[in-house]
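Take a look at the letters that make up each chain.
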Amino acid sequence: MRELMPPDPQAGFGRDGTLPDRAERELTALLGTAESTTPRVRAGMSRRRVLLAGGVVASVTALAASGELGRLSGSDGGEAQARATPPVLALDPIGGRSSEEVLTQLADKVRQLAPESVQGPYLYSKSWGWALNSAGDVPGGVANAAVPTVTEQWIRASDGAGRERQMHGRPYFPDPDQERDARKAGLIDGKGIRDKTYGSGHFAPDPEWQALLPFSTEPDRLLVQLKQVNWEGGRVIWGVSAMLDATRRASRGVVAPQLRAAALVVLAKRTDVRVSRTTTWLGHQVLAITQETRHRAATFRDSLLIDPTTGDRVGSEEALLGDPLALRIAVPGTLSVNEILSRGTVQDTKARV
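**Q** Any details on the overall build of the protein chain? Residues and values, ideally.
**A** Helix and strand counts for the protein chain come out as seven helices and 14 strands. Evaluated residue by residue, the protein chain yields a buried proportion of 50% over its 353 residues. Long-range contacts, defined here as pairs at least 24 residues apart, represent 68% of the contacts in the protein chain between residues at least 6 apart. As displayed, the protein chain offers around 16,300 Å² of accessible surface, 50% of which is attributable to carbon and sulfur atoms.

What follows is the structure in structure tokens.
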């Protein structure tokens with residue numbers, strides 16, 4: 001079984017204070033950049049940002065065992081003043097069945113589902129979430145901020161044009177005393193309602209994933225395709241999530257049940273994946289497919305949330321457990337949250353599902 005799986009990008013992560021070779025190269029490139037690059041526009045919620053000196057942006061997982069994380073995760077981090085974040089999902093283990101059995105059985109059911117129908121040229125989605133953005137280069141130490149946001153997107157599959165409507169809630173600061181530093185560092189993503197229409201190419205798909213289309217519905221071949229792209233944070237769950245998004249864009253808003261089933265089988269064969277039941281922040285019953293990384297006494301827990309009936313992605317969570325390091329948040333604490341409220345295809349940029 002193990003021989004059929006790809007090399008684990010997280011193997012040995014942070015062991016003896018060292019980084020895997022690829023992570024070391026990527027971190028060196030990040031820290032050597034004088035200016036931040038313009039990010040690709042995402043379909044759906046943005047993920048968490050960690051702002052380093054010089055405006056360089058990276059993910060907290062990529063930095064977990066690096067020297068640069070000294071300001072963010074010093075040995076005194078556990079003694080820092082802890083502030084609460086929104087609640088971490090409670091994961092309920094599924095008794096009597098292994099994660100492989102749960103995902104394999106779900107794949108068998110999903111494979112028998114009828115295909116979705118296309119109702120229009122626009123891909124519509126509505127999601128809720130937030131990301132705890134952090135700045136490690138501020139006078140008062142690490143500053144954190146998050147803005148709860150409801151995001152609606154209408155993306156024309158043929159050319160990437162469309163509309164985005166965002167309703168920003170009240171900014172949240174785990175340490176209220178650092179609000180000024182957080183605002184000055186640019187950690188507040190937006191305020192009020194922002195509703196914009198964009199021309200062709202604005203919601204451009206990720207070219208790395210687009211180049212691999214069409215994806216195979218045979219699990220072993222699909223795994224070979226997945227391994228051709230660096231998964232975000234080295235997590236196969238984020239690789240599967242990105243693959244499903246790329247397919248939805250290329251297939252006018254639908255993902256064939258057979259491909260969703262194949263993705264579940266790929267995840268089922270991983271020994272570093274754990275499956276649990278959980279209830280989302282808005283009360284939905286879902287399955288959480290989880291991977292973890294440890295650094296010192298801290299655990300970074302990432303969960304892909306899937307619908308237990310359709311096998312499709314319905315959200316995500318990044319959580320910090322154990323030691324808060326120097327982030328000054330109470331643990332367990334959430335680093336990012338995303339929950340899809342509705343999704344489908346529609347005729348124009350005013351229609352909703």
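**Q** Outline empty space enclosed by the protein, listing residues and values.
**A** Overall, the coordinates contain three cavities of 30 Å³ or more when judged by the stated rule. Approximately 40 Å³ is the volume found for the largest cavity. Along its surface, the largest cavity is lined by V240, L244, R260, A263, L264, L267, I306 and G311. Of all the elements in the fold, those that place two or more residues in the lining of the largest cavity are α6 (236-250) and α7 (257-268). Here the element with the most residues in the lining of the largest cavity is α7; it accounts for four residues. The class makeup of the residues in the lining of the largest cavity is six nonpolar, one polar and one charged.

**Q** Explain the sheet that holds strand β3 (residues 92-93) to me, and be specific about the residues and the numbers.
**A** The 10 strands are arranged β3-β10-β11-β12-β13-β14-β4-β7-β8-β9 in an open sheet whose pairing can be described as antiparallel. Each of the sheet's edge strands pairs with one partner strand only, and the pair in question is β3 and β9 (193-198). Examined bridge by bridge, strand β4 (residues 122-131) and strand β7 (residues 149-156) share eight bridges and lie antiparallel to one another. Of the residues in β7, the one forming a bridge with S127 is T151. Set on the sheet, helix α2 (residues 99-110) makes contact with β10 (274-279), β11 (285-295) and β12 (298-306); between it and β10 the angle comes to about 70°.

**Q** Describe in detail the pairing of β10, supporting the description with residues and values.
**A** A regular strand places its side chains on the two faces of the sheet in alternate fashion. Here two bridges tie β3 to β10, and the two strands are oriented antiparallel to one another. Each bridged residue has a counterpart across the sheet, and for P93 the counterpart in β10 is S276. Hairpin geometry of β10 and β11 is characterised by an intervening segment of five residues between the two adjacent antiparallel strands and by a positive phi of about 90° at G283.

Quick notes on the rules
- Residues numbered from 1 in each chain as written.
- Predicted model: local features only at pLDDT ≥ 70, side-chain atom pairs only at ≥ 80, totals over all residues.
- Heavy atoms only, no water.
- Helix = DSSP H or I, 4+ residues; strand = E, 2+ residues; numbered from the N terminus.
- Buried < 20%, exposed > 50% of the residue type's maximum accessible area, 1.4 Å probe, protein only.
- Contact = heavy atoms within 4.5 Å.
- Areas by Shrake-Rupley, 256 points an atom, 1.4 Å probe, with all protein chains shown as cover.
- 1 Å grid on protein atoms, 1.4 Å probe; cavity = no way out; pocket = protein on both sides within 12 Å on 5 of 7 lines; lining within 4 Å.
- Points joined across faces, edges and corners; volume = space filled by probe spheres on them.
- Nonpolar A, V, L, I, M, F, W, Y, C, P; charged D, E, K, R; others polar.
- Pairing = 2+ DSSP bridges.
- Axes fitted to C-alpha atoms, helices over the stretch in contact; angles between N-to-C directions.

Honestly, it's all geometry; don't read function into it.
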